[in-house]
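# Descriptive structure summary
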Amino acid sequence: DAKTTQPTSMDCAEGRAANLPCNHSTISGNEYVYWYRQIHSQGPQYIIHGLKNNETNEMASLIITEDRKSSTLILPHATLRDTAVYYCIVSPLAGGTSYGKLTFGQGTILTVHP
Amino acid sequence: DAGVTQSPTHLIKTRGQHVTLRCSPISGHKSVSWYQQVLGQGPQFIFQYYEKEERGRGNFPDRFSARQFPNYSSELNVNALLLGDSALYLCASSSDGHQETQYFGPGTRLLVL
């Protein structure tokens, strides 16, 4: 599975956009980029995923570069409740040996302050 | 709709004991995966089950085992508990055994003394 690199921590002011970067330079053509977050002592929460095109849902936007070697998760108006660890995960499609396996790294600790 | 549920929420055991953790997937989901999260680290994949068959296994000793029932719920069993087994155990379900989005439960926090 391709590895990802994320900053250890980031700060964001409440109400401002939070832009979380992720590098995945060894990503393969059939691998998706997934984002999860984990609020202290809770289970990870799915945020968004994408393959090539930019994606948007009610929680966030995902911007993937044209070469797919990096991506950015955007929380458009961060609130205090968005304080969490954010994980960027590259996951292969079925057919190989990685059924159902998400490989979590250390993630980015996002702190939203008033 | 109910999400993934896990029981118990917390558990305290002593070294050498055995533990069983339970997971009920989202209604309609046929695949269950188990993860272990040690304090300060990201979750680590243990098993994935689909249609009652093991489809994937992470780098964990044979003391760890699991099974999936006809109603797609699942149990994770850990024998001969070690102090290092203290962790948050997470269950995730997805609609099939392939790369569909996985949705996690709240976890079971196990403390081994």
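Keep in mind that this is a model prediction, so the values were computed, not measured.

### Remarks on the state of the cysteines
- The tally for this structure, following the rule as stated, stands at two disulfides over all chains.
- Through a disulfide, Cys22 of chain A is tied to Cys88 of chain A; the S-S separation comes to 2.1 Å. Between Cys22 of chain A and Cys88 of chain A the disulfide shows an S-S torsion of about -80 degrees. By sign, it is left-handed. Within this pair, whereas Cys22 of chain A is found in strand β2 (residues 18-23), its partner Cys88 of chain A is found in strand β8 (residues 84-92), the two being separated by 66 residues in sequence.
- Classification of Cys22 of chain A by relative accessible area gives buried; the value is 1%.
- The disulfide that involves Cys23 of chain B links it to Cys91 of chain B, with 1.8 Å between the sulfurs. Disulfide Cys23 of chain B-Cys91 of chain B: torsion about the S-S bond near -60 degrees, hence left-handed. Of this pair, Cys23 of chain B sits in strand β3 (residues 19-24) while Cys91 of chain B is found in strand β9 (residues 87-94), placing the two residues 68 residues apart along the sequence.
- Here Cys12 of chain A is not cross-linked by a disulfide; its sulfur's nearest cysteine counterpart is in Cys22 of chain A, at 18 Å.
- What makes Cys12 of chain A buried here is its relative accessible area of 7%.

### Structural notes on the packing of aromatic side chains
- Within the structure shown, the criterion is met by 13 aromatic pairs over all chains.
- Here Tyr36 of chain A and Tyr46 of chain A contribute two aromatic rings whose centre-to-centre distance is 5.8 Å and whose plane-to-plane angle is 70 degrees, an arrangement assigned as edge-to-face. Linking Tyr36 of chain A in strand β3 (residues 31-38) with Tyr46 of chain A in strand β4 (residues 45-50), this pair joins segments that are 10 residues apart in sequence. Judged on exposure class, the residue Tyr36 of chain A and its partner Tyr46 of chain A are both buried.
- Between Phe60 of chain B and Phe64 of chain B, the ring centres sit 5.2 Å apart and the planes meet at 65 degrees, which makes this aromatic pair edge-to-face.
- What makes Phe60 of chain B buried here is its relative accessible area of 15%.
- Judged by its relative accessible area of 2%, Phe64 of chain B is buried.
- Members of the aromatic cluster, joined through ring pairs, are Tyr32, Tyr34, Tyr36, Tyr46, Tyr87 and Phe104 of chain A together with Tyr35, Phe45, Tyr103 and Phe104 of chain B.

### Regarding the environment of Ser27 of chain B
- Topologically, Ser27 of chain B is positioned in the loop between β3 and β4 (31-37).
- When the C-alpha positions of Ser27 of chain B and Val4 of chain B are compared, they lie 8.6 Å apart, and in sequence the two are 23 residues distant.

### Let's talk about the sheet that holds strand β8 (residues 74-78) of chain B
All names here are of chain B.
- With antiparallel pairing, the four strands of this open sheet are ordered in space as β1-β3-β8-β7. Both edges of this open sheet fall to β1 (5-7) and β7 (64-68), since each of them pairs with a single strand only. Taking the axes of each pair of neighbouring strands and ignoring which way they run, one obtains an average angle of 20 degrees across the sheet.
- One ladder, built from three bridges, connects β1 with β3; its direction is antiparallel. Looking at β3, one finds that Ser7 is bridged to Arg22.

### Topic: the side chain of Gln6 of chain A
Residue and element names in this part refer to chain A.
- With respect to the element layout, Gln6 can be found in the segment before β1 (9-13).
- Given a relative accessible area of 15%, Gln6 falls into the buried group.
- Only 2.9 Å separates the side chain of Gln6 from the backbone oxygen of Tyr86, close enough to count as a polar contact.
- Side chain to side chain, Gln6 and Thr108 meet in a polar contact 3.4 Å long.

### Things to note about the pairing of β4 of chain A
All names here are of chain A.
- The sheet contact formed by β3 and β4 spans five bridges and is antiparallel. Its bridge partner lying in β4, Val33 is registered against Gly50.
- Hairpin connection from β3 to β4: six residues lie between these consecutive antiparallel strands, with Ser41 at a positive phi of about 65 degrees.

Reading the values: rules and limits
Residues numbered from 1 in each chain as written. Chains lettered and ligands numbered in written order. Predicted model: local features only at pLDDT ≥ 70, side-chain atom pairs only at ≥ 80, totals over all residues. Heavy atoms only, no water. Disulfide = S-S within 2.5 Å. Helix = DSSP H or I, 4+ residues; strand = E, 2+ residues; numbered from the N terminus. Buried < 20%, exposed > 50% of the residue type's maximum accessible area, 1.4 Å probe, protein only. Phe/Tyr/Trp six-rings, centres within 6.5 Å; stacked < 30°, edge-to-face > 60°. Pairing = 2+ DSSP bridges. Axes fitted to C-alpha atoms, helices over the stretch in contact; angles between N-to-C directions. Polar contact = N/O pair within 3.5 Å; in protein donor to acceptor, adjacent residues only side chain to side chain.

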